[in-house]
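Remarks on the overall topology
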Amino acid sequence: MLENLSEQPADALLALIKLYAADTSSDKIDLGVGVYRDADGGTPVFAAIKAAEKRLVETQDSKSYLGPEGDMGFVNGLVPYIFGDMALAGRLDGVQTPGGTGAVRLACDLLMASGTKKIWMGTPSWPNHAQIFKAINMEVGTFEHIDIATQTLNFEGVMNAIAQASSGDALLLHGCCHNPTGADYSAEQWQQIADAIAAKGVFPLLDLAYHGLGHGFEEDSIGVRTIIKTVPEALLAYSCDKNFGMYRERVGALYVIAPNAGSLPKIMSNVYALARANWSMPPDHGGAAVRIILEDAGLTQMWLDEVGSMRARMRRVRDTLASHGKVGAVDFAAIAGQNGLFGMLPLTKEQIMMLRSEHSIYMAGSGRINIAGLTRHNIEKFAEAVRTVQK
Ligand code: LMR
């Protein structure tokens, strides 16, 4: 039976990791998979995480099961950063998940169990979004998030999609630092989206995977808080991959905002049952390390400072890149007004392949670049190569 399976392509983003590693060129540039890189091109473990892990090893006295909800100290510790002082009076609860991917998957399973059939998604999006929806046979409606040729946000796109959507459809929204385009909605646009989905009865699935890497934790929460203030119910998938540097540890959470406090226990019972059937319980280590940071004022400050310097470095890279202005079809100036790890360049497939084969520059086939892969040592080479391949 297994021979009947058809060949599946390797995940294009993850395949870049191996392609880059196999390139022996001394001035190769990795702008592929979304990991933060420091000014030396490294992705070190956060100092706050190292300290928390040390404490965890010294103090943990059991690895016995916790339950499908995972480490609730971790889940609750993130709440002030995401929701601020919002008064959600018994309507908010959450569970730990294996990464943000686990949270998105669990959210979609819950939506399907609630009767949602269709989800709307701006394109381009993180490629795994579509793969998750496909895996559980969720119908997908798409709209244009960004006009790639002009590198500008298409706000009409999402508003038209909401107008077309049926009540009970879901809408996927990137909370901040849009992946792959870096193009986020303004505070006013978030309010317009919130009002439109509330009027239409469209259900928001908020994906917050780059929290703190745009303008700061408060600023990067404006969109999700605006939606949650305006609609009766929502789901929020959270990832600690980037803002705690926990990538391979798989640290995430799914938050449920219920329409009323009375329905929350029933909804959560479904979340626990689905989590149990998916992965039983989330892996503990990473979430426990994050909890230890959030419980300790000194470690929290250390972590906030580390995220602050990542954010500042990415702003500097964006500004330097923007100073190159228009290079053929690419307008680097657009990068300055975008947020987070990514930007999207209007290059053809052939040009992207030439960057790879002739310049050892690795970026996603979509034209996405990881801003953090650029340093003062390679940024000029990159801009020049983008010019060369367009000649
Ligand atoms: C990315 O978009 O490159 C990251 O989020 C890594 C991944 O899982 O795709």
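The paragraphs below set out a description of the structure included in this document.

The rules behind the values
Residue positions within a chain follow its written sequence, with the count starting from 1. For this predicted model, a pLDDT threshold of at least 70 governs which residues receive local features, and a threshold of 80 or more governs which side-chain atom pairs are given and counted, while totals over whole chains, interfaces and linings are taken from all residues. Side-chain measures were taken over the full set of non-hydrogen atoms in the model, leaving aside hydrogen atoms and water. Only runs of H or I of at least four residues qualify as helices and only runs of E of at least two qualify as strands under DSSP, and these elements are numbered from the N terminus. Accessibility here uses a 1.4 Å probe with only protein chains present; expressed as a share of the type maximum, an area under 20% marks a residue as buried, one over 50% as exposed, and anything in between as partly exposed. Here the rule is simple: two strands pair whenever DSSP picks up at least two bridges between them. As a rule, the C-alpha atoms of each element are fitted with a line to give its axis, helices using only the stretch in contact, and angles between N-to-C directions run from 0 to 180 degrees. Pairs of residues are marked as contacts when any of their non-hydrogen atoms sit within 4.5 Å. The rule is short: rings of Phe, Tyr and Trp, with Trp giving its six-membered ring, pair when the centres are within 6.5 Å, and they are stacked under 30 degrees, edge-to-face over 60, tilted in between. In the sections that follow, a salt bridge refers to a side-chain nitrogen of Lys or Arg positioned within 4 Å of a carboxyl oxygen of Asp or Glu. Should an angle fall under 35 degrees it is taken as roughly parallel, and over 145 as roughly antiparallel, whereas 65 to 115 is taken as roughly perpendicular and any remaining angle as oblique. Side-chain classes are defined by residue name, with Ala, Val, Leu, Ile, Met, Phe, Trp, Tyr, Cys and Pro counting as nonpolar, Asp, Glu, Lys and Arg as charged, and the others, Gly among them, as polar.

Structural notes on unusual backbone geometry
Between Thr123 and Pro124 the backbone carries a cis peptide bond, its omega angle lying at -5°. With respect to the secondary-structure elements, Pro124 resides in the loop between β3 (118-123) and α6 (127-135). Positive phi, close to 55°, is recorded for Asn137, a residue that is not glycine. By relative accessible area, which is 68% here, Asn137 ends up exposed. Residue Ser280 is not a glycine yet carries a positive backbone phi of 70°. For Ser280, the location among the structural elements is in the loop between α10 (264-278) and α11 (285-295).

So, the sheet that holds strand β8 (residues 203-208)
Spatially, the seven strands line up as an open sheet ordered β2-β10-β9-β8-β7-β3-β4, and their pairing is mixed. Where the open sheet ends on each side, the last strands, each with one partner, are β2 (92-98) and β4 (139-144). When the angles between neighbouring strand axes are averaged without regard to direction, this sheet yields 25°. When β2 meets strand β10 (residues 251-257), the two strands line up antiparallel, connected through seven bridges. Directly across from Leu92, in β10, lies its bridge partner Ile257. In the packing of helix α5 (residues 99-113) onto the sheet, the strands contacted are β2, β7 (170-174), β8, β9 (234-239) and β10, and the crossing angle to β9 comes to about 160°. Across the face of the sheet, α10 comes into contact with β2 and β10 while running at roughly 5° to β2.

Side note on the packing of aromatic side chains
For the coordinates displayed, the defined rule picks out ten aromatic pairs. With a centroid separation of 5.0 Å and 50° between ring planes, the pair formed by Phe217 and Trp303 is classed as tilted. Placement of the pair is Phe217 in the loop between β8 and α9 (222-230) and Trp303 in helix α12 (residues 297-322), with a sequence separation of 86 residues. An identical accessibility class is assigned to Phe217 and Trp303; each is buried. Judged by centre distance (4.4 Å) and plane angle (10°), the rings of Phe244 and Trp303 are stacked. Taken together, the residues span a long stretch of sequence, with Phe244 in the loop between β9 and β10 and Trp303 in helix α12 at a distance of 59 residues.

Notes on the pattern of salt bridges
In the structure shown here, the tally under the stated rule is eleven salt bridges. The partner of Asp30 in a salt bridge is Arg37, and the shortest N-O contact between them spans 2.8 Å. By relative accessible area, Asp30 is classed as buried at 10%. Accessibility expressed as a relative area gives 14% for Arg37, which makes it buried. Linking Arg387 and Glu384 is a salt bridge whose minimum nitrogen-to-oxygen distance equals 3.6 Å.

Some thoughts on the packing of helix α2 (residues 47-59) against α11
Following both chains from N to C, one finds α2 and α11 inclined at 105°, their axes separated by 8 Å at the closest point. Judged by the angle between their axes, α2 and α11 are roughly perpendicular. Residues Ala48, Ile49, Ala52, Glu53, Arg55 and Leu56 of α2 pack against His285, Ala288, Ala289, Val290, Ile292 and Ile293 of α11. Of the residues contributing to the contact of α2 with α11, the split by class is nine nonpolar, one polar and two charged.

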